[in-house]
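# Topology and contacts: notes
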Amino acid sequence: MPRTPHPRPTPLPTARPVKGGAGPAAAAFTVLATLVAGSATGPVSAATEPVAASVVTDAAVRPVRNGDSAVVGLSVTTSGSVPTEGPVTITYATKGGTAEAGRDYVPVTGSHTFPAGTASGTTHQVTVRTATAPKPAGARTIPLELTVTGATAPREDPQVVIDAHGLPYQNPELSVERRVADLLGRMSLAEKAGQMTQAERGALRAPGDIAAYGLGSLLSGGGSAPTPNTAAAWAEMVDAYQLRARATRFQIPLIYGVDAVHGHNNVVGATIMPHNIGIGAGRDPGSAERTGEITAREVRATGVPWDFAPCVCVSRDERWGRSYEAFGEDPALVEAMETVIQGMQGDPSGKDLHRNDKVLAGAKHFVGDGGTAYGSAATGSYTIDQGVTEVTRQELEAVHLSPFEESVKRGVGTVMPSYSSLDVLGDGRGPVKMHAHAEMINGVLKDRMGFEGFVISDWQAIDQIPGDHASDVRTSVNAGLDMIMVPTAYQDFTRTLRDEVAAGRIPRARIDDAVARVLTQKFRLGLFEKPYADTTHLAEVGSAGHRAVAREAVAKSQVLLKNEGAVLPVEPGRKVYVAGSNADDIGNQAGGWTIGWQGSSGRTTTGTTVLEGMRKAARSPDSVTFSRDASAATDGHDVGVVVVGETPYAEGAGDVGNGHDLELAPADRAAIDTVCAAMKCAVLIVSGRPQLIGERLGSIDALVASWLPGSEGDGVADVLYGRRPFTGQLPVTWPKSVAQLPINVGDTDYDPQFPYGWGLTTLSKPPAGGERDLAALALAARAAEKAHREKGPEGRAIVDRARLLVQRKIDGRFTQAVSKPFAEADHLLLTGDLTGAVAKLRTAYRAAEE
């Protein structure tokens with residue numbers, strides 16, 4: 001989803017509950033922000049600068065159980081933390097709200113004066129006693145009105161909230177279905193509209209708007225983070241927002257969402273996984289699942305229960321700026337890597353979602369965003385992203401819909417539609433915006449596939465539907481959207497949604513269905529019982545154990561495309577000359593969606609660069625020389641490693657033709673030429689998509705597709721130095737030129753630089769043999785299928801052995817007759833057709849002999 005750049009907002013001046021303590025009635029609170037008013041109008045010496053005094057509250061919202069007492073702290077603070085210059089008087093009175101004075105609580109009035117010379121931070125406590133209500137009831141509010149003289153008053157008056165109690169939906173012993181039905185039956189239209197609304201945290205006009213509009217969700221867009229940007233600060237921030245939701249009638253918790261698309265990538269110090277294209281290159285469903293587990297654990301530890309991931313799109317054109325968000329170009333590969341959903345959510349039934357190490361996943365972008373045609377985009381200067389996917393119904397089903405069907409089978413909790421439009425050839429409708437496509441969302445996703453979660457819009461995406469705002473709301477909700485990522489104009493959206501329902505243009509049944517879907521996931525996540533962050537795993541964010549999982553995934557993602565003369569692996573004792581723009585840049589190797597939406601070059605987060613990993617893996621760090629531009633002397637070195645590629649980008653900003661291309665930068669080309677002319681060389685391409693090598697391929701001894709490995713450059717060094725073998729395979733076809741694009745496995749005309757599925761190995765004993773061995777493997781494949789082991793490790797091992805044997809025969813001599821069946825073999829393997837896969841490899845072998 002796109003993220004419009006905006007200044008990072010100041011964290012809300014509110015508090016989060018401190019874990020532990022003597023129970024809800026006596027919970028201690030930590031002040032997150034102190035508002036100090038007043039400023040000097042010109043230079044004033046320290047000796048004469050006036051002391052600015054302010055009154056702050058320890059919490060803007062103080063929940064209390066029915067019948068208990070709430071203690072509200074009122075503190076005086078000063079600039080510089082010096083004593084007050086004059087007296088400060090606070091007059092207070094309980095006034096207004098939804099609670100009834102005398103029945104629900106004992107009214108409180110009074111005043112307190114802090115005399116001149118009072119130490120900054122001194123607190124006066126006001127106690128509000130509530131009455132025990134004999135009947136079940138929703139939450140009721142008791143504002144404490146403050147009048148302050150001698151200091152600046154708080155931005156808002158604090159309020160005590162008597163918790164809702166005794167209502168069936170609050171009973172965790174009841175089924176989720178019964179709890180949802182009970183709560184839904186009590187809600188007003190306005191409360192339902194709020195649950196269907198998601199706002200960006202930085203767009204809140206006031207902290208109290210969470211309760212005033214009954215917002216169901218907040219999100220952090222790319223780069224929208226607390227200050228400081230630490231895991232602990234994230235937990236405090238999310239808890240502060242959750243605290244505000246306690247002031248609503250039914251205290252429905254927020255569901256906070258983030259784009260943790262390759263680890264908890266918004267948080268400095270989190271474990272940054274390889275982007276999905278690297279996970280696809282790894283071809284290991286178990287590794288994909290483990291990366292999902294670690295991501296979920298880190299995200300949930302910061303109080304965030306919802307991740308807008310994974311992207312299960314099928315990337316069909318490398319000119320697309322989002323191509324690295326896909327696992328690959330083959331729907332069968334995408335489906336195989338969807339084990340990441342189990343890593344994030346656990347059991348498909350949703351029974352694990354309440355755990356403190358699981359999050360709600362979100363499959364995106366439904367449907368066809370990977371198939372948009374080049375030149376079809378109408379968004380700004382984009383060339384392909386958010387464009388039109390023009391397909392036959394057969395291709396739509398086989399390529400783009402099948403990964404979502406797999407997501408639904410795996411129990412994915414949310415689905416996000418695509419910005420793009422879908423044009424199904426022959427249906428007579430022309431392009432239809434996916435956020436308006438009722439046939440696909442209601443008809444296919446919900447009805448045919450049986451999706452039981454909720455559909456969340458992309459960032460401000462309904463505004464792209466033709467028509468005015470009212471028609472956008474009406475069309476998208478009626479098409480099956482259950483929650484709208486507004487993300488800024490939440491007041492207008494909630495009002496418009498109510499008006500459309502009142503006018504009968506949106507059926508109330510559609511609203512009830514949407515809200516029920518949202519509430520179901522909130523109950524499954526356990527948010528009603530535990531709305532605040534469970535920080536049990538907070539210390540594990542970015543831990544060595546988590547980084548080890550990422551490091552393994554990085555090593556598996558490295559694809560060895562060429563290795564003439566066995567240049568790789570490098571012996572640890574050899575003198576190595578390292579050059580290139582991406583050798584020592586963690587921002588570049590992490591790519592987009594890292595700390596900021598577009599990512600950025602440089603030391604953006606904690607981790608290890610490729611160069612740092614190499615120095616650790618070498619027998620001596622001194623045996624590794626680094627010269628970014630290859631200007632240092634090259635003599636005296638045994639082998640060169642040139643690490644080149646792309647700088648970060650995200651979404652349509654990275655489209656080819658929008659300031660980007662698939663060519664290596666001139667400095668990188670010069671570094672390759674210099675190093676490879678002076679010694680045996682290996683070139684590593686750190687990028688989100690294939691880069692054009694062209695005539696330089698002949699001068700390069702070893703070529704590696706490193707993709708975007710994330711924060712763990714050690715994983716790249718592991719395969720370079722032979723600690724792990726190269727085992728990765730191309731998740732996309734590597735083209736010879738832009739003129740070939742789009743080019744994908746299964747195309748009639750298929751003659752790439754390297755075919756889909758290609759990947760050499762540095763196993764100590766790679767398989768050898770000829771036609772007789774392939775014939776034996778064909779028999780083994782048939783036997784495995786009869787034993788129903790076609791999708792297990794045994795079946796894959798048979799085809800992998802055949803593939804490696806055939807790769808040795810091909811030896812880099814690619815023709816269309818070789819490449820086409822070779823690529824198709826990997827697709828057949830992923831679908832479980834072992835005999836078909838071996839047959840295709842035998843065809844490629846025979847073509848290589850000619």
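Figured I'd write up the structure that's included with this text. (Residues numbered from 1 in each chain as written. Predicted model: local features only at pLDDT ≥ 70, side-chain atom pairs only at ≥ 80, totals over all residues. Heavy atoms only, no water.)

## Things to note about the overall build of the protein
Secondary structure summary: the protein contains 22 helices and 27 strands in total. Dimensions along the principal axes, computed over C-alpha positions, put the protein at roughly 95 × 65 × 45 Å. In the protein, the 83 positive side-chain charges and the 96 negative ones have mean positions that sit 4 Å from each other. (Helix = DSSP H or I, 4+ residues; strand = E, 2+ residues; numbered from the N terminus. Lys, Arg positive; Asp, Glu negative; His and termini not counted. Charge placed at Lys NZ, Arg CZ, Asp CG, Glu CD.)

## Looking at the sheet that holds strand 18 (residues 421–424)
In spatial order, the strands read 16-18-19; together these 3 strands make up an open sheet with mixed pairing. Strand pairing shows two members of the sheet lacking a second neighbour, strand 16 (388–391) and strand 19 (432–433), which therefore form its edges. Where helix 9 (residues 393–409) meets the sheet, its contacts fall on strand 16 and strand 18, and the angle it forms with strand 16 comes to roughly 115°. (Pairing = 2+ DSSP bridges. Contact = heavy atoms within 4.5 Å. Axes fitted to C-alpha atoms, helices over the stretch in contact; angles between N-to-C directions.)

## Thoughts on the packing of helix 20 (residues 793–810) against helix 22 (residues 834–849)
Direction vectors running N to C along helix 20 and helix 22 enclose 10°, while the axes themselves pass 9 Å from each other. It follows from the interaxial angle that helix 20 and helix 22 lie roughly parallel. Contacts between helix 20 and helix 22 pair G795, V799, A802, R803, L805, V806, K809 and I810 from the former with L834, A837, V838, L841, A844, Y845, A848 and E849 from the latter. (Parallel < 35°, antiparallel > 145°, perpendicular 65-115°, else oblique.)

## A look at the nonpolar core
Core analysis: the largest hydrophobic core is formed by 107 residues, its most contacted members being L183, L218, Y256, F366, V367, L497 and L519. For this core, the element with the highest residue contribution is helix 4 (residues 231–245), accounting for 7 residues. Leave out the neighbours within four places in its chain, and F366 touches L401, F404, V415, M416, P417, S418, M434, M440, I441 and L445. If you look at the next biggest cluster of nonpolar residues, it comprises 93 residues, including V559, M614, V644 and L805. (Core = buried A, V, L, I, M, F, W, Y, C linked by side-chain atoms within 4.5 Å. Buried < 20%, exposed > 50% of the residue type's maximum accessible area, 1.4 Å probe, protein only.)

## Thoughts on the sheet that holds strand 6 (residues 88–94)
In space, the 5 strands of this open sheet follow the order 4-10-9-6-7, with mixed pairing throughout. Sheet topology places strand 4 (61–64) and strand 7 (109–114) at the edges, where each strand pairs with a single neighbour. Between one strand and the next, the sheet's axes are offset by a mean angle of 20°, whatever the strand orientation. Pairing between strand 4 and strand 10 (residues 159–162): 4 bridges, direction parallel. Counted as the bridge partner of V61 is Q159 from strand 10.

## A few points about the side chain of N66
For N66, the location among the structural elements is in the loop between strand 4 and strand 5 (69–78). In this structure N66 comes out as buried when scored by relative accessible area, which is 18%. A polar atom in the side chain of N66 sits 3.0 Å from the backbone nitrogen of A133. Polar contacts involving the side chain of N66 include one to the side chain of H165, which spans 3.5 Å. Sequence-distant contacts of N66, defined by excluding residues within four places in its chain, comprise T130, A131, T132, A133, R140, I162 and H165. (Polar contact = N/O pair within 3.5 Å; in protein donor to acceptor, adjacent residues only side chain to side chain.)

## So, helix 10 (residues 438–448)
Since one α-helical turn is 3.6 residues long, residues separated by three or four positions face the same way. Here helix 10 has its buried residues at M440, I441, V444, L445 and K446. Across the axial projection of helix 10, the buried residues extend over an arc of 160°, all falling on one side. Considering only its buried residues, helix 10 is in contact with strand 15 (362–366), helix 9, strand 17 (414–417), strand 18, strand 20 (454–455) and helix 13 (508–524). Of the residues trailing helix 10, G450 is marked for its positive phi of about 75°. (Arc of directions from axis to C-beta.)

Take it as geometry only, folks, not as evidence of what the structure does.
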